[in-house]
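Structure assessment
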Amino acid sequence: MATGNTAQVIDSPAATLRFRKPFTQQEPISEPAIARAVEVMRSGRLHRYNTAEGEVAEAALLEEAFAEWQGARYCLACASGGYALRLALIAAGLKPGEPVLANAYTLAPVPGAIHGAGGVPVFVEIGRGWRLDPADLDAKAALSGARFLMLSHMRGHIADMDAVMAVCEARGITLIEDCAHTMGAAWDGKRSGSFGRVAAFSTQTYKHLNSGEGGFLTTDDDEIAARAIVTSGSYMLYERHRARPPSEAFDDIRLETPNYSGRMDNLRAAILRAELPLIDERIARWNALYAAMEKGLAGTEGVEVVPIPARESHVGSSFQFHATGPGAAGMPDFLAACARRGVELKWFGAEAPAGFTSRFDSWRYLREPQSLPRTIETLATTVDLRLPLTFDEADCRIIAAIIAEEAARFMA
Ligand SMILES: *Cc1c(COP(=O)(O)O)cnc(C)c1O
């Protein structure tokens, strides 16, 4: 059926509409960031603890700036977002073999971080809007006895944090937030990353700040901050950090904590420190693109757009919808038809992992298969696309028009 329909694409005059920009092209690094990075390279002092007399390292200055921007007491810059997540669990006291609750819809580095920290992921169902289901969280917490929840605000969709926090408080669960997609987002006016004991951010190319690779850990907790800093590979040089707890917090920790080397260098830090002041303006542009997609797909048959809850301040750096017309069976044909017209869509529901996407049941290193029928059902029709800032609103209108036309072919 679907194959017969796609044949019409060639004949249809509307099919001449084609999109020609790549979905993976980010904006260039800003000139002030390039200039500062070149200065750091000229100095030769790229390692964060390699400083001249009286000099404060770029990495330490960046941590201070990010902590202030985020509203956290302490910040550690490190090698990647995934590393920050693993560090968060280790610094928060995860013991080998302990269960860690996590939303079933997430990216592979999240279960990887749990596994790498010695934990065992226990997945929690998501709802139709890709948000963690607090009722299933409570059920899985009761079943597993887990002391930790690693909550990914996946694709910027923030769960009902009142309900999530109520479960965490009632059950004594330590919340760790994965803010890889919510740097700058908020729930009820409160920054994502400020609900839990620890938060992790990514500065990998496809996230909200771009240093190629990189991450942040933020916390208000003295002990967690001290343990994270020493674990990240500070040696006995932790006093060179600025967004850190008082020196006494390190007295025992510096001797008891292994060094899992994963620092950020001054070159990446220089780029990020120069780009951090640009982020709020970027968020406004992402949200304009997101709004253009929403408007372009409003009322489209075969496409369901889930509205952003009023309490969420979303950062629309990507866009999700349910392709209800094509459904799971028609999805491969729908994606191929859009791809032929230059619209690169990702499907999180595929049984076989592809590109950056993989479904929880494909992570076979997690020995015990877990049954999450609602997540499977939600992901079956979930389509995902990036909205890089090299796109403008007119681009989004073209993308939406192509999606709408291709989805409509499944409605006949
Ligand atoms: C990208 C990402 C990470 C990991 O970030 P890296 O910096 O690539 O290690 C973690 N969680 C989510 C949801 C992500 O998208």
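The shown structure was predicted, so the numbers you read here are calculated from the model rather than taken from an experiment. (Residues numbered from 1 in each chain as written. Predicted model: local features only at pLDDT ≥ 70, side-chain atom pairs only at ≥ 80, totals over all residues. Heavy atoms only, no water.)

A count of helical and extended segments in the protein gives 14 helices and 13 strands. On C-alpha atoms alone, the protein measures out to a radius of gyration of 22 Å, which is about the 22 Å that the 2.2 N^0.38 rule sets for 412 residues. Counting only C-alpha atoms and orienting by the principal axes, one finds that the protein spans roughly 70 × 55 × 35 Å. By the burial criterion, 55% of the 412 residues in the protein qualify as buried. Put simply, 73% of the contacts in the protein that link residues at least 6 apart link residues at least 24 apart. Total accessible area computed for the protein in this model is approximately 16800 Å², and 53% of it derives from carbon and sulfur atoms. Looking at the protein, you have 42 positive and 51 negative side-chain charges, and the mean spots of the two groups are 4 Å apart. (Helix = DSSP H or I, 4+ residues; strand = E, 2+ residues; numbered from the N terminus. Rg over C-alpha atoms; globule rule 2.2 N^0.38 Å. Buried < 20%, exposed > 50% of the residue type's maximum accessible area, 1.4 Å probe, protein only. Contact = heavy atoms within 4.5 Å. Areas by Shrake-Rupley, 256 points an atom, 1.4 Å probe, with all protein chains shown as cover. Lys, Arg positive; Asp, Glu negative; His and termini not counted. Charge placed at Lys NZ, Arg CZ, Asp CG, Glu CD.)

Along the polypeptide, Glu98 turns up in the loop between α4 (81-91) and β2 (99-103). Given a relative accessible area of 13%, Glu98 falls into the buried group. Put simply, Glu98 and Phe148 are 50 residues apart on the chain and 8.8 Å apart in space, counted from C-alpha to C-alpha. With residues up to four places along the chain from it excluded, the contact list for Glu98 reads Gly93, Gly118, Gly119, Val120, Arg147 and Phe148.

Below, the discussion takes up the nonpolar core. If you look at the biggest cluster of nonpolar residues, it comprises 75 residues, and the most contacted ones within it are Leu149, Met293, Phe321, Phe334, Leu345, Leu385 and Ile403. Of all the elements, helix α11 (residues 279-297) adds the most residues to this core, at 8 residues. Those residues in contact with Leu345 that lie beyond four places of it in its chain are Phe321, Phe334, Leu335, Cys338, Val383, Asp384, Leu385 and Ile403. Among the nonpolar cores identified, the runner-up in size contains 37 residues, and Leu87, Ile114, Ile229 and Ile253 belong to it. (Core = buried A, V, L, I, M, F, W, Y, C linked by side-chain atoms within 4.5 Å.)

Turning our attention to the pattern of salt bridges. For the structure shown, the criterion picks out 29 salt bridges. Residue Arg131 is joined to Glu312 by a salt bridge in which the shortest nitrogen-to-oxygen separation is 2.8 Å. Linking Arg131 in the loop between β3 (120-124) and α6 (134-144) with Glu312 in strand β10 (residues 312-313), this pair joins segments that are 181 residues apart in sequence. Since its relative accessible area comes to 13%, Arg131 is described here as buried. With a shortest N-O distance of 2.8 Å, Asp188 and Arg311 are connected by a salt bridge. (Salt bridge = Lys/Arg side-chain N within 4 Å of Asp/Glu carboxyl O.)

As a further point, take helix α2 (residues 31-43). Look at α2: 19 Å from first C-alpha to last across 13 residues, which is about the 18 Å you get at 1.5 Å a residue. Here the buried face of α2 lies against α3 (58-70) and α10 (266-275). The first or second residue beyond α2 is Gly44, which carries a positive phi of 80°. (Expected span 1.5 Å × (residues − 1).)

We now examine the site of the ligand. Around the ligand, the structure places 15 residues, and the nearest of them are Gly81, Asp178, His181, Ser202 and Lys207. Note that an oxygen atom of the ligand is positioned 2.7 Å from one of the backbone N or O atoms of Gly81. Asp178 is positioned such that a nitrogen or oxygen atom in its side chain is 2.7 Å from a nitrogen atom of the ligand. Relative to its unbound accessible surface of 380 Å², the ligand loses 93% to contact with the protein. Taken together, the elements giving at least two residues each to the shell around the ligand come down to α4 and α5 (109-116). (Near = heavy atom within 4 Å. Polar contact = N/O pair within 3.5 Å; in protein donor to acceptor, adjacent residues only side chain to side chain.)

Note on backbone geometry: most residues besides glycine have negative phi, and most peptide bonds are trans. The backbone phi angle of Trp130 is positive, close to 70°, even though this residue is not glycine. Here Trp130 is to be found in the loop between β3 and α6. According to the relative accessible area criterion, Trp130 is buried, its value standing at 2%. Positioned with a positive phi, Tyr235 is a non-glycine residue whose angle comes to about 50°. Topologically, Tyr235 is positioned in the loop between α8 (222-231) and α9 (253-256).

Spatial strand order, β11-β13-β12: 3 strands in an open sheet with antiparallel pairing. What marks the edges here is a single partner per strand, and that holds for β11 (318-322) and β12 (346-347). Relative to strand β13 (residues 382-386), β12 runs antiparallel, the two sharing 2 bridges. Considered in β13, the bridge of Trp347 is made with Val383. On top of the sheet, α11 reaches β11 and β13; it is set at about 25° to β11, its chief contact. Relative to β13, helix α13 (residues 373-380) is tilted by about 55°, and along the sheet it contacts β11, β12 and β13. (Pairing = 2+ DSSP bridges. Axes fitted to C-alpha atoms, helices over the stretch in contact; angles between N-to-C directions.)

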